[in-house]
Amino acid sequence: MNGLLESRSRSEDETITHSQGNLEALNVLFSQYRPVLALIAYRVLGNYEEAEGAVQNCFRAAADGAPRFEHEGAFRSWLGRILIDEAVKILHKQRSSTGGHW
């Protein structure tokens, strides 16, 4: 992902620690990462509406998984992985509904 989601700051670590189970704190992080995640999703999907759907699904999955997030990796990388998984799900649905193949 070209380093876009690689590093995190000390204040981010603190926000992540306090965000587990706290949707308000997660929303702060999500709003911070929304632009880069939307760009990545658009590059994968090629469609703004589908990219926004992937980002929304990513945030839902991350909110559900936040209590299990382990601080060994960067939060942004974790979000990026969730986003890619969500985008791939959308691609699979597109291909299966049109009968297309990879």
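Residues numbered from 1 in each chain as written. Predicted model: local features only at pLDDT ≥ 70, side-chain atom pairs only at ≥ 80, totals over all residues. Heavy atoms only, no water.

Attention now moves to the environment of I84. With respect to the helices and strands, the residue I84 is situated in helix α4 (residues 75–98). Taking the C-alpha atoms as reference points, I84 and A41, separated by 43 residues in sequence, lie 7.3 Å from one another. (Helix = DSSP H or I, 4+ residues; strand = E, 2+ residues; numbered from the N terminus.)

The tally for this structure, following the rule as stated, stands at 3 salt bridges. Put simply, E52 and R34 hold a salt bridge, and the shortest N to O gap is 2.7 Å. With a gap of 18 residues between them, E52 in helix α3 (residues 48–65) and R34 in helix α2 (residues 23–45) connect regions that are remote in the sequence. Here R34 falls in the partly exposed class, since its relative accessible area comes to 28%. A salt bridge links R81 to D85; its shortest N-O distance comes to 2.9 Å. Of the two residues, R81 and D85 both sit in helix α4, 4 residues apart, roughly one turn of that helix. By relative accessible area, which is 36% here, D85 ends up partly exposed. (Salt bridge = Lys/Arg side-chain N within 4 Å of Asp/Glu carboxyl O. Buried < 20%, exposed > 50% of the residue type's maximum accessible area, 1.4 Å probe, protein only.)

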